[in-house]
Amino acid sequence: MKKTLMKWALLLVCMAVGMPAMAQFNVKALKGAVKAVKAVTLTDAQMTEYVKEYIDWMDTHNQVCADDNEYTIRLKKLTEGLTDVEGIPLNFKVYYVIDVNAFACADGSVRIFSSLMDIMSDDELLGVIGHEVGHVAHKDSKNGFRTALLTSALKDGISSQGGTAAKLTDSQLGDLGEALVNSTYSQKQERSADDYGYEFLKSHGKNPWAMALSFQKLKKLQEEAGAQKSSKLNQLFSTHPDLDARIKRMEERATSEGIEKPATE
Ligand SMILES: [Zn+2]
């Protein structure tokens, strides 16, 4: 039985694109709060431990597709040879959930949701993967996690013993998950990740039009979700003004490079 994603899982929901107005307001609050805790020292080793703790929690509390599952087999095929980026080892898993999303964690863990795979072609999916890998390569995932960590679970200071990160409680993980839901990458970070995905497709011998086409599918989904207010999707997708601009940008780039738009069904 396909479940909904555990709430905490919505880590920097860049591929889900929409963020409700309330969430955007919270982002501002977060940014103010982070200034106050900037003096807190958080070592790379501690960060690594916290990221690991978080992704382990995620993998335990969401249904991960088994190795012989068709989703896993498809993802494995697509990501063959993708072992690391900028010295960060990559690992890929599919969450069998109804939410349409994907995210990357600072440790190089990339999680693709089965419902996203359902609507994307292989090339489009590779574009999304490239975008997520871009966030890891650009350290967006690391910085985003750090901010969320400092403004939530560790807002009252770091309780560490002998330099090791303290184990987060369930309640702290909850706060962290919430902070991650409310955090967004900047438009500049998203554009850079889009460019990374675009180049990524080209370097894999794929048509980079797939970037724009994948965003168009997300946009269509947003519109459909908006039309049925009771829809589960509506909670995730709301009008996101950036998506149109991102589609346009990717289309213009492919057009200016003289790349022919593939036929779509
Ligand atoms: Zn993104």
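Predicted model only: the values in this text are computed from it and were never measured.

Caption draft 1: Structural context of the overall build of the chain. Per the secondary structure count, the chain includes 11 helices and 5 strands. Counting every position in the chain, which comprises 265 residues, the buried fraction comes to 49%. Long-range contacts, defined as pairs at least 24 residues apart, comprise 75% of the intrachain contacts of the chain with a sequence gap of at least 6. Just so you have it, the chain exposes about 12800 Å², and 53% of that area is on carbon and sulfur atoms.

Caption draft 2: Molecular detail of the packing of helix α3 (residues 70-78) against helix α5 (residues 122-137). Between α3 and α5, whose axes approach to 11 Å, the crossing angle comes to 70°. Of the possible angle classes, the one that applies to α3 and α5 is roughly perpendicular. Packed against α3, whose contacting residues are Arg 74, Leu 75 and Leu 78, the element α5 presents Asp 122, Leu 125, Leu 126 and Ile 129 at the interface. A class-by-class count of the residues in the contact of α3 with α5 yields 5 nonpolar, no polar and 2 charged.

Caption draft 3: The arrangement of the packing of aromatic side chains in detail. Summed over all chains, the structure comprises 6 aromatic pairs. Here the aromatic rings of Tyr 54 and Phe 145 are separated by 5.8 Å at their centres, their planes lie at 65°, and the arrangement is edge-to-face. With Tyr 54 in helix α2 (residues 44-61) and Phe 145 in helix α6 (residues 140-151), this pair connects stretches of sequence that are 91 residues apart. We note that Tyr 54, like Phe 145, is buried. Seen from their ring centres, Phe 103 and Phe 113 are 6.1 Å apart, and the 80° between their planes marks the pair as edge-to-face. Here Phe 103, found in strand β4 (residues 102-104), pairs with Phe 113, found in strand β5 (residues 109-113); they are 10 residues apart in sequence, far enough to count as distant. Of the two residues, Phe 103 and Phe 113, both sit in the buried class.

Caption draft 4: Region of interest: helix α7 (residues 170-182). A rise of 1.5 Å per residue sets the reference length of α7, with its 13 residues, at 18 Å; its end C-alpha atoms lie 18 Å apart and thus fit the reference within 8%. For α7, the set of buried residues is Gln 172, Leu 173, Gly 174, Leu 176, Gly 177, Ala 179, Leu 180 and Asn 182.

Caption draft 5: Spotlight on unusual backbone geometry. The phi torsion at Glu 86 lies on the positive side, around 50°, for a residue other than glycine. Relative to the helices and strands, Glu 86 resides in the loop between β1 (84-85) and β2 (88-89). Phi is positive for Lys 139, close to 65°, though the residue is something other than glycine. According to the relative accessible area criterion, Lys 139 is partly exposed, its value standing at 33%.

Caption draft 6: Up close: the side chain of Glu 124. Tracing the chain through its elements places Glu 124 in helix α5. Setting aside anything within four residues of it in sequence, one finds Glu 124 in contact with Ile 119, Ala 210, Leu 213, Ser 214 and Lys 217.

Caption draft 7: Representation of the sheet that holds β5. Spatially, β3-β5-β4 is the arrangement adopted by the 3 strands of the open sheet, whose pairing is mixed. What marks the edges here is a single partner per strand, and that holds for β3 (91-95) and β4. If you compare each strand with its neighbour and ignore which way they point, the axes differ by 15° on average. When β3 meets β5, the two strands line up parallel, connected through 5 bridges. Looking at the pairing, Asn 91 lines up with Ser 109 of β5. Packed onto the sheet, α2 meets β3, β4 and β5 and runs at close to 35° relative to β3. Strand contacts of α5: β3, β4 and β5, with the helix running at about 30° to β4, the strand carrying the most contacts.

Caption draft 8: Structural context of the nonpolar core. Phe 92, Ile 112, Leu 116, Leu 125 and Ile 129 are the most contacted members of the largest nonpolar core, which totals 39 residues. Discounting chain neighbours no more than four positions away, the residues touching Ile 129 are Leu 75, Thr 79, Leu 82, Phe 92 and Ile 112. Counting 26 residues, the second-largest nonpolar core is a separate cluster that includes Val 51, Ile 55, Ala 106 and Leu 168.

Caption draft 9: Quick look at the pattern of salt bridges. All chains considered together, the criterion is met by 18 salt bridges. Ionic pairing is found between Asp 59 and Arg 111, a salt bridge with its closest N-O pair at 2.9 Å. Residue Asp 59 is located in helix α2, and its partner Arg 111 is located in strand β5; the two are separated by 52 residues in the primary sequence. Of the two residues, Asp 59 and Arg 111, neither departs from the other in class, the shared state being buried. For Lys 219, the salt bridge goes to Glu 223, with nearest N and O atoms at 3.5 Å. Taken together, the residues span about one helical turn, with Lys 219 and Glu 223 both in helix α9 (residues 209-227) at a distance of 4 residues. Residue class for Glu 223 comes out partly exposed when judged on its relative accessible area of 48%. Salt bridges here are not isolated pairs; linked through shared partners, they connect Asp 195, Glu 199, Lys 202, Arg 249, Arg 253 and Glu 257.

The rules behind the values
- Per chain, residues are indexed from 1 in the order of the written sequence.
- Per-residue local features are limited, in this predicted model, to residues with pLDDT of at least 70; the limit for side-chain atom pairs, both in listing and counting, is 80 or more; totals at the level of whole chains, interfaces and linings are taken over all residues.
- In computing side-chain values, all of the structure's heavy atoms are included and hydrogens and water are not.
- Note on conventions: DSSP H or I runs of at least 4 residues are helices, E runs of at least 2 residues are strands, and numbering of each starts at the N terminus.
- Remark: exposure states derive from per-residue accessible area (1.4 Å probe, protein chains only) relative to the maximum for the residue type, with buried under 20%, exposed over 50%, and partly exposed in between.
- Here, residues are in contact when the closest pair of their heavy atoms is within 4.5 Å.
- Only the protein chains shown count as covering a residue, and every accessible area follows the Shrake-Rupley method with a 1.4 Å probe.
- In this analysis an axis means a line fitted to C-alpha atoms, helices contributing only their contacting stretch, and an angle means the value between N-to-C directions, from 0 to 180 degrees.
- Here roughly perpendicular refers to angles of 65 to 115 degrees, roughly parallel to angles under 35, roughly antiparallel to angles over 145, and oblique to all remaining angles.
- Here the term charged refers only to Asp, Glu, Lys and Arg, the term nonpolar to Ala, Val, Leu, Ile, Met, Phe, Trp, Tyr, Cys and Pro, and the term polar to all other amino acids, Gly among them.
- The criterion for an aromatic pair is that two Phe, Tyr or Trp rings (for Trp, the six-membered ring) have centres within 6.5 Å, with stacked assigned to planes under 30 degrees apart, edge-to-face to planes over 60 apart and tilted to the rest.
- Any helix carries an expected span of 1.5 Å times its number of residues minus one.
- Whether two strands pair comes down to DSSP finding at least two bridges between them.
- The term nonpolar core refers to a set of buried residues drawn from Ala, Val, Leu, Ile, Met, Phe, Trp, Tyr and Cys, joined through side-chain atoms within 4.5 Å.
- Whenever a carboxyl oxygen of Asp or Glu lies within 4 Å of a side-chain nitrogen of Lys or Arg, that contact is scored as a salt bridge.

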